Amino acid sequence: MNSRRLIMTTRWTLAFSALAGIVVIYRLWLHVNPTTVALTLLLFILILAAEWGLRYAVVISVAATALYNFFFLPPVGTFTISDPQNWLALFTFLSTAIIASRLSERARDEACDARARQRELEILLHLSQELLQSETIATLLSSVPSTVASVTAAKSSILYLLEGNKLYQAGVDLVSDIELPHLRQLAKTLPNVRQEDNEMQIPIRSGVKPRGLLLLRGVTLSPETLGAVGSLISISLDRAQAFESIAKDQAAKETERLRSLMIDSITHELRTPLTSIKGAATTLLSGEIQKEEQHELLTIIDEESDRLNRLVSEAVEMAQLDAQQVQMHFSPVKIRDLIDEALSTCSWIEDHHSLQVNIPDGLQIHADPAVFQKVLSNLLENAAKYSAPGTLITISAEIKNECVAISIADQGVGIDPSEQGLIFERFYRARSLVSGTSGTGMGLAISRAITEAHGGKITVVSQPGHGSVFTIYLPSPAPISVK
Ligand code: ADP
């Protein structure tokens, strides 16, 4: 016996037993007048109509009328009725029971409809929230079938797209590639939502142009809601496509902007040392100079060539970082080791400044040691360059808000608040710099690019005349290890 028949048999048994129960109780134990009995039976029939539907209510009404007549209307014990008024009462009872049952069933159906509509609205709302989250076509397409299946509680959800002849599916009962030609044909010709056996077929269109097909198995929703699901998928595809093309345009514009900025800056920055070299060389070639002056000019040529060399290599490094051409090999490294390594590459700092290092021994970050060390060397060199000899430089590291924070603090000239945001731009050097402090203005730009490539950020807090603190924040490798 299938479950539906079992439920029906149980309900009929319960309904007749309850009817018999009411009759027995009133007949044998509670001796009340016939009106009370009629009202109790009516109440029982209304409950049946509201809970199980009209069919139960009508059959039980007829049975209740017969029992009421037999057991409660005089002459009791027969189906005949002596008083004509009782005929009227019996007829009124039957018709009231049936009409009220009908009304009760209608209210029940309307409540069911309202619940179904609410559920379908919730499905659409939920679906729109889920689908409109993805901003790339690839993530959207891979998530559509599972999202639709979970939101609609379908056993399987299959999305077929005409473009690329692609199939995306989720659930149990899936389609094989052999069916692709059939799906293609269906996607091109299906005019509206259609139900075939246990499968709902929903066309997906962009305007009037067929775009694909959604198949849902093991779910019953109204054709209107399924049509709206198809439209939602189409809208989210349009939206993701628009996002992708805007992002591509922006990326292309940004690359172009950076390229021309770079060319402008390099041309400008290269001109200064080149002019000095050219001037010195021309004077030397004129031959009208003293021996000491000769040495001075050669020193200028030497220093400016170095500067030129550094500029070119830093500009190349920056361009490679921009183009994400720098291959990084990340591994867990101890900050202490990185600092020691960085200090060894600029050992002159220790001769001119006192250093204080506060780094927990086992504190690690996830980094490419060779690349990341450049950031530390650059910050250390700057701390030394822009502060008076003999002053203290403090290097510290700690865990802060689930990040590792590495700080390099000096007691130097500091940076004007209006320039603190600019010093990370390429070629920017503070206006207040006394001439003679060598530099290219590229160090911090490179440091920022490297830090960002490590998933972190770099900040500065500075007070002119008192010093600066540069801090690098990096995501802490899990688990954070501090010995
Ligand atoms: P460079 O040091 O070659 O000029 P950077 O990009 O490393 O280039 O720094 C940019 C500018 O930021 C510097 O020219 C300087 O004006 C300022 N700056 C950087 N670090 C410090 C610091 N520790 N103290 C004061 N000013 C600094």
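Here goes a summary of the coordinates provided. (Residues numbered from 1 in each chain as written. Predicted model: local features only at pLDDT ≥ 70, side-chain atom pairs only at ≥ 80, totals over all residues. Heavy atoms only, no water.)

Take the site of the ligand next. Taken together, 22 residues form the shell around the ligand, and within it Asn382, Tyr386, Arg429, Thr440 and Leu444 come nearest. Between the ligand and Lys385 there is a distance of 3.1 Å, counted from an oxygen atom to a side-chain nitrogen or oxygen. A total of 530 Å² of accessible area belongs to the ligand in isolation, and the protein chains cover 98% of it. For the shell around the ligand, the secondary-structure elements that each account for two or more residues are helix 11 (369-385), helix 12 (443-453) and strand 12 (467-475). For the shell around the ligand, the element with the highest residue contribution is helix 11, accounting for four residues. Across the shell around the ligand, the residue classes break down as 11 nonpolar, eight polar and three charged. (Near = heavy atom within 4 Å. Polar contact = N/O pair within 3.5 Å; in protein donor to acceptor, adjacent residues only side chain to side chain. Areas by Shrake-Rupley, 256 points an atom, 1.4 Å probe, with all protein chains shown as cover. Helix = DSSP H or I, 4+ residues; strand = E, 2+ residues; numbered from the N terminus. Nonpolar A, V, L, I, M, F, W, Y, C, P; charged D, E, K, R; others polar.)

Once that is clear, we can look at the nonpolar core. Counting residues in each nonpolar core, the largest one holds 45 residues, and the members touching the most others are Ile335, Ile365, Phe372, Leu376, Ile406 and Ile472. At eight residues, the largest contribution of residues to this core is made by helix 11. Leave out the neighbours within four places in its chain, and Leu376 touches Leu338, Ile339, Ala342, Ile406, Ile408 and Ile472. Ile123, Ile137, Ala154 and Ile202 belong to the second largest nonpolar core, which has 26 residues in total. (Core = buried A, V, L, I, M, F, W, Y, C linked by side-chain atoms within 4.5 Å. Buried < 20%, exposed > 50% of the residue type's maximum accessible area, 1.4 Å probe, protein only. Contact = heavy atoms within 4.5 Å.)

A few words on the side chain of Ser468. Mapped onto the elements, Ser468 comes out in strand 12. Assessed through its relative accessible area of 4%, Ser468 is described here as buried. There is a polar contact of 3.0 Å between the side chain of Ser468 and the side chain of Ser462. Those residues in contact with Ser468, other than ones at most four positions away along the chain, are Ile408, Ala409, Asp410, Gly414, Ile415, Val460, Val461 and Ser462.

The strand order across the open sheet formed by five strands is 2-1-5-4-3, and the pairing between neighbours is antiparallel. Strands with a single pairing partner mark the edges of an open sheet, and in this sheet they are strand 2 (166-171) and strand 3 (194-196). For this sheet the average axis-to-axis angle between neighbouring strands, irrespective of direction, equals 20 degrees. In terms of strand pairing, strand 4 (residues 199-206) meets strand 5 (residues 209-217) through eight bridges, oriented antiparallel. (Pairing = 2+ DSSP bridges. Axes fitted to C-alpha atoms, helices over the stretch in contact; angles between N-to-C directions.)

It is at 11 Å that the axes of helix 1 (residues 3-29) and helix 3 (residues 54-72) come closest, and there the two elements cross at 25 degrees. One finds that helix 1 runs roughly parallel with respect to helix 3. Crossing geometry of helix 1 relative to helix 3 is assigned as right-handed. Note on element contacts: helix 3 touches helix 1 through Arg55, Tyr56, Val59, Ile60, Ala63, Ala64, Leu67, Phe71 and Phe72, opposite Met8, Arg11, Trp12, Ala15, Phe16, Leu19, Val23, Tyr26 and Arg27. Residue composition of the contact of helix 1 with helix 3, grouped by class: 15 nonpolar, no polar and three charged. (Parallel < 35°, antiparallel > 145°, perpendicular 65-115°, else oblique. Left-handed = near helix turned anticlockwise from the far one by under 90°.)

Take the pattern of salt bridges next. Inspection of every chain in the model, using the stated rule, returns eight salt bridges. For Arg211, the salt bridge goes to Asp238, with nearest N and O atoms at 2.9 Å. Of this pair, Arg211 sits in strand 5 while Asp238 sits in helix 7 (residues 223-286), placing them 27 residues apart in sequence. For Arg211, a relative accessible area of 14% corresponds to the buried category. Here Glu317 and Lys374 are joined by a salt bridge, their closest N and O atoms 3.1 Å apart. Taken together, the residues Glu317 in helix 8 (residues 291-322) and Lys374 in helix 11 connect sequence positions 57 residues apart. Its relative accessible area of 41% is what places Lys374 among the partly exposed residues. (Salt bridge = Lys/Arg side-chain N within 4 Å of Asp/Glu carboxyl O.)

Read these as geometric descriptors, not functional statements.
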